[in-house]
Amino acid sequence: MPKCHHYGRTQSRVYTSEYHRIQANSFKSLLTKPLGNYSINSDYFSSEHQKFKLTKLECGVRLMTFTINDKPHKIVLIVDKRIASNKLYISCPYCQKQRQSLYAIKYAYGCRQCIGLHYASQSERPQERLMRRIRKLRK
Ligand SMILES: [Zn+2]
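Examining the overall build of the protein chain
- Scanning the protein chain from terminus to terminus reveals three helices and nine strands.
- Going from the N terminus to the C terminus, the protein chain shows its helices and strands as β-β-α-β-β-β-β-β-β-β-α-α.
- Across the 139 residues of the protein chain, 29% fall into the buried class.
- Across the protein chain, the fraction of contacts at a sequence separation of at least 24, relative to all contacts at a separation of at least 6, is 37%.
- Just so you have it, the protein chain exposes about 10400 Å², and 50% of that area is on carbon and sulfur atoms.

So, the coordination of the zinc ion
- Those donors, Cys-92 (SG), Cys-95 (SG), Cys-111 (SG) and Cys-114 (SG), are the protein atoms that reach the zinc ion, and they lie 2.2 to 2.4 Å from it.
- Metal-centred angles of 106 to 113° between the four donor atoms at the zinc ion mark the site as tetrahedral.
- Site description for the zinc ion: donor spacing in sequence, C-x2-C-x15-C-x2-C.
- In this structure Cys-95 comes out as partly exposed when scored by relative accessible area, which is 26%.

Observations regarding the nonpolar core
- Counting residues in hydrophobic clusters, the biggest one holds 20 residues, and the most contacted among them are Ile-22, Phe-27, Met-64, Ile-90 and Tyr-109.
- Sorting the residues of this core by element identifies strand 3 (51-56), strand 4 (62-68), strand 5 (71-80), strand 6 (87-91) and strand 8 (101-105) as the ones contributing at least two each.
- Looking at this core, the element that brings in the most residues is strand 4, giving three residues.

Here we look at the pairing of strand 4
- Across the seven residues of strand 4, six count as buried, placing the element largely inside the fold.
- If you look at the hairpin formed by strand 3 and strand 4, you'll find five residues sitting between the two strands, and Gly-60 has a positive phi there, around 95°.
- Of the pairings in the sheet, the one linking strand 4 to strand 5 comprises six bridges and is antiparallel in character. Looking at the pairing, Phe-66 lines up with His-73 of strand 5.
- Linkage of strand 4 to strand 5, two consecutive antiparallel strands, is achieved through a turn of two residues, within which Asn-69 is found at a positive phi near 55°.

Analysis parameters
- Residues numbered from 1 in each chain as written.
- Predicted model: local features only at pLDDT ≥ 70, side-chain atom pairs only at ≥ 80, totals over all residues.
- Heavy atoms only, no water.
- Helix = DSSP H or I, 4+ residues; strand = E, 2+ residues; numbered from the N terminus.
- Buried < 20%, exposed > 50% of the residue type's maximum accessible area, 1.4 Å probe, protein only.
- Contact = heavy atoms within 4.5 Å.
- Areas by Shrake-Rupley, 256 points an atom, 1.4 Å probe, with all protein chains shown as cover.
- Donors = N, O, S within 2.8 Å, 3.2 Å for Na, K, Ca; no water.
- Tetrahedral: all angles 85-135°; square planar, octahedral: opposite > 155°, others 65-115°.
- Core = buried A, V, L, I, M, F, W, Y, C linked by side-chain atoms within 4.5 Å.
- Pairing = 2+ DSSP bridges.

Spelled out as structure tokens, the structure:
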């Protein structure tokens, strides 16, 4: 069995870099494209994560609906008109907050907060934190 440098290593925590995400900026063209069915071309996503329907609400707001695991996941395209560049955001299907990117997880899309991901800098275990405090107190 060939040994690579990852051999024998186990990782218990999940970092955002291991998830594939969709970014609001990449959907800018949807603000002017005709409504209908679209697909994200990416080998990283399952077919359910790729296909979505672009619709428009009465108020003119556009939204993408992904059907994942037979459940609709609605992601609203939010244009921030307060700044000149008309920056685009997408809403998280869970908390409805506007986000710059959403992560693809097994049966959904969600923002970092909702799917409970951790950035590497936040990965310090409570025990390590405690040990550091004890060492500090000893000084
Ligand atoms: Zn969220």
